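What follows is the residue order along each chain.
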Amino acid sequence: MAASVLFDAPGPKTRARHRLYGVVSAIVLAAILGAIIWKLWEKDQFAYRYWEPFVTPRIINVLLEGLYKTVGAAIFAVIGAVAFGIVFGVAKLSDHRLVRWPAWVVVEFFRAVPLLMVIIATWYYLDAQPGNPAFVALVVGLILYNGSVIAEIVRAGINAVPSGQAEAAYAIGMRKSQVMRIILLPQAIKIMIPAIISQAIVALKDTSLGYAILAPGITVAGKLVYGEFRNTIQTALVLAAFYIVLNLLLSALATWVQRRYVGEKQVEVVGGIVQSQPDAGASGAGLRI
Amino acid sequence: MDVLIDNADVLFRAFGVTLKLLLVSGLLSLLFGTVLAAMRVGPVRVLNVAGTVYVNIFRNNPLLILLLLLFFGLPKLGIHFSYFNLNVLALTLYTSPFICEALRAGVNSIPIGQAEAARSIGLGFTQTMRHVVLPQAFRAVVPPVASVLIALTKNTSLVSIFGLLDLTARMKGLLNDYPSQLWWIFIGIALFYVVIVELISLGAALLERRWRIA
């Protein structure tokens, strides 16, 4: 056991006691897991007919098509959110009150309001539109919410660039917009990339909210599957597996980028806690306290 | 505007539902999250691993999928909860890992030298905890725990899909009945959430100021 602030290095007696705890807790955990599996078994949830859809090509296609739409929504959302975030993040740093305050209101508002509410309201707003209003509503909602969070990340990222950089740029005669565009943003974006990838995980998880308005995606594909085969438990587990694998891959990417390109430096507001933002429509990434 | 005033009683009742969900699942998440954190930072290897696995599974899985699983799955296994309890269970299972990670980050933020210094001036285990480690950990933990609770506030909106009449469900109802009043309804109901979120932020800011190193 590595050194810890919580307890001293254990001696032989303590180590024996810990081994005992280990055995006891292993038994308890195995019992809990066993109880769940037994319950599923007893209610015949492992029956082949419930799992068969997931090895049937037709159903796999339905799910993959849903996955394609989901990933598409997430990609649109992240691109839109980064654009939104850069515009509003920079606007929040503006010298002009008339720019700064509206940007502040918009960012604070969309960070405080549940994403699901925004998505549903947008959907009603687009109701009579041609095309695919549900998908558009989902993406718009994701952009507004994640964009607001990214605006905060951008603001913090720009503030994290050493002030000497801007001063030097002004000293060689650059204008305000040049300083922002040529000096500050490029450096800030490098610091921000891991935080933005973490936010992409949030956006990906939140695409599941499309379920509420039947926007095409893997959750709605899952709904079709369990509607036909009455296998909600199995479908939910399969969907969960899809999301967990995708998110773990993205987390690994964020860690790799952090180590490879950024080093230890992190955006202050989101530093450390950004990985732990709960989100089915909700992060308070970088709570402004 | 009228639509909000006419439906004020409905809205305040929905506000009550949202608040009750937040309070019950918030408290349970704090409890279970603390247990998870203890498992992850404790000396027992088996519990470390179990805690890590739980956190990674539940944190990377959308709340909606968890709600689907419990809402449709538990009745199939012959386990029946009220809608309220079911939603609280899902919110708690989902939020606890985030609380756990916030607490763990708090403990990890304390340099090991603090504990070593405490032991070297002769403080015992409980004294080290009480006077040195925990006060610093609490302070470090306030902002992240507050953002988890804010996230939980917003996540309660998902219960509207699963049978509870909270603010978001009422918004949907009102939008159906008064399509022309969309902006009033949306902004009016959003303000309820803004109030809760601002209260949590304010509370956290006060706690932080109180516990700040003088």
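What you see is a predicted model, and the numbers here were worked out from it, not measured in a lab. (Residues numbered from 1 in each chain as written. Chains lettered and ligands numbered in written order. Predicted model: local features only at pLDDT ≥ 70, side-chain atom pairs only at ≥ 80, totals over all residues.)

A separate point is the overall build of chain B. A tally of helices and strands in chain B yields nine helices and zero strands. Written out in order from the N terminus, the α and β elements of chain B read α-α-α-α-α-α-α-α-α. In terms of overall dimensions, chain B has a C-alpha envelope of 70 × 50 × 20 Å along the principal axes. Out of the 214 residues belonging to chain B, those deemed buried represent 48%. Nonlocal contacts in chain B, meaning residues at least 24 apart in sequence, comprise 75% of its contacts between residues at least 6 apart. (Helix = DSSP H or I, 4+ residues; strand = E, 2+ residues; numbered from the N terminus. Buried ≥ 20, exposed ≤ 12 C-beta atoms within 10 Å, placed from the backbone. Contact = placed C-beta atoms within 7 Å.)

When you go through chain A residue by residue, the secondary structure sums to ten helices and zero strands. Scanning chain A from its N terminus toward the C terminus, one meets helices and strands in the order α-α-α-α-α-α-α-α-α-α. Put simply, 76% of the contacts in chain A that link residues at least 6 apart link residues at least 24 apart.

To continue, consider the UniProt feature "domain: ABC transmembrane type-1" (unreviewed entry) in chain B. Under the UniProt annotation, the feature "domain: ABC transmembrane type-1" (unreviewed entry) is placed at residues 15-204 of chain B. Helix makes up 82% of residues 15-204 of chain B and strand 0%, and the two end C-alpha atoms of the span are 22 Å apart. (UniProt positions renumbered as here; feature names shortened; annotations may be inferred.)

Take helix H4 (residues 97-112) of chain A next. The end-to-end C-alpha distance of H4 of chain A is 22 Å, a good match for the 22 Å that 16 residues give at a rise of 1.5 Å each. Within the span of H4 of chain A, buried status applies to Ala103, Val107, Phe110, Arg111 and Ala112 of chain A. Buried residues along H4 of chain A sit in contact with helix H3 (57-92), helix H5 (115-125) and helix H6 (133-160) of chain A together with helix H9 (182-211) of chain B. (Expected span 1.5 Å × (residues − 1).)

What follows concerns the UniProt feature "transmembrane region" (unreviewed entry) in chain A. All names here are of chain A. Sites flagged by UniProt as "transmembrane region" (unreviewed entry) map to residues 20-41, 71-91, 103-126, 132-154, 182-202 and 238-257. Secondary structure content for residues 20-41 is 100% helix and 0% strand, and the end C-alpha separation is 31 Å. Taken as a whole, residues 103-126 contains 88% helix and 0% strand, while its terminal C-alpha atoms sit 24 Å from one another.

Under the domain assignment, chain A is made up of domain 1 (14-43) and domain 2 (48-264). Placing the centre of domain 1 of chain A and that of domain 2 of chain A at their C-alpha centroids yields a distance of 38 Å. (Domains from an automatic or database assignment.)

Below, the discussion takes up helix H7 (residues 125-155) of chain B. Here H7 of chain B spans only 39 Å end to end across 31 residues, well under the 45 Å set by a 1.5 Å rise per residue. Along H7 of chain B, the sharpest kink reaches roughly 45°, centred on Val133 of chain B and followed within four residues by the proline Pro135 of chain B. (Bend = angle between axes of the 7 residues up to and from the residue.)

Attention now moves to the UniProt feature "transmembrane region" (unreviewed entry) in chain B. Taking the UniProt record as the reference, the feature "transmembrane region" (unreviewed entry) is found at residues 21-42, 63-84 and 182-207 of chain B. Overall, residues 63-84 of chain B shows 73% helix and 0% strand. The separation of its end C-alpha atoms is 16 Å.

Residues and elements named next belong to chain A. One finds Ile119, Ile120 and Leu138 to be the most contacted residues of the largest nonpolar core, which totals 140 residues. At 17 residues, the largest contribution of residues to this core is made by H6. Sequence-distant contacts of Leu138, defined by excluding residues within four places in its chain, comprise Ala73, Ile119, Thr207, Gly210, Ile213 and Ala215. (Core = buried A, V, L, I, M, F, W, Y, C linked by C-beta atoms within 7 Å.)

This part covers the interface of chain A and chain B. Tallying the contact residues gives 53 residues for chain A and 62 residues for chain B. When residues of the side of chain A that touches chain B are traced back to their parent elements, those giving at least two are helix H1 (12-42), H5 and helix H10 (232-262) of chain A. No other element matches the nine residues that H10 of chain A contributes to the side of chain A that touches chain B. A per-class count over the side of chain A that touches chain B returns 35 nonpolar, 14 polar and four charged. (Nonpolar A, V, L, I, M, F, W, Y, C, P; charged D, E, K, R; others polar.)

Before going further, it helps to examine unusual backbone geometry. Residue and element names in this part refer to chain A. One non-glycine residue, Leu214, lies in the positive phi region at around 55°. Tracing the backbone shows Leu214 in the loop between helix H8 (176-206) and helix H9 (218-229). Despite not being glycine, Arg230 has its phi angle at roughly 55°, a positive value. Topologically, Arg230 is positioned in the loop between H9 and H10.

A few words now on the confidence of the model for chain B. Across chain B, pLDDT averages 91, with 99% of residues at or above 70. Overall fold confidence (pTM) sits at 0.87, and the ipTM for the predicted complex is 0.89. (pLDDT = per-residue confidence, 0-100.)

Attention now moves to the packing of H5 of chain A against H9 of chain B. Helix-helix packing is characterised by the crossing angle of the two axes and by the distance between the axes. Packing of H5 of chain A against H9 of chain B brings their axes to within 11 Å, and their N-to-C directions diverge by 175°. Taken together, H5 of chain A and H9 of chain B sit at an angle that is classed as roughly antiparallel. Judged by residue contacts, Met117, Ala121, Tyr124 and Tyr125 of chain A of H5 of chain A engage Leu182, Phe186, Ile189 and Ala190 of chain B from H9 of chain B. Of the residues contributing to the contact of H5 of chain A with H9 of chain B, the split by class is eight nonpolar, no polar and no charged. (Axes fitted to C-alpha atoms, helices over the stretch in contact; angles between N-to-C directions. Parallel < 35°, antiparallel > 145°, perpendicular 65-115°, else oblique.)

Residues and elements named next belong to chain A. Where H5 meets H6, the axes come as close as 8 Å, and the angle between the chain directions of the two elements is 140°. By the angle class used here, H5 and H6 are oblique. For H5 against H6, the interelement crossing comes out right-handed. Here H5 contributes Leu115, Val118, Ile119, Thr122 and Trp123 to the contact with H6, which in turn contributes Pro133, Ala134, Ala137, Leu138, Val140, Gly141, Leu144 and Tyr145. Its residues assigned to classes, the contact of H5 with H6 shows eleven nonpolar, two polar and no charged. (Left-handed = near helix turned anticlockwise from the far one by under 90°.)

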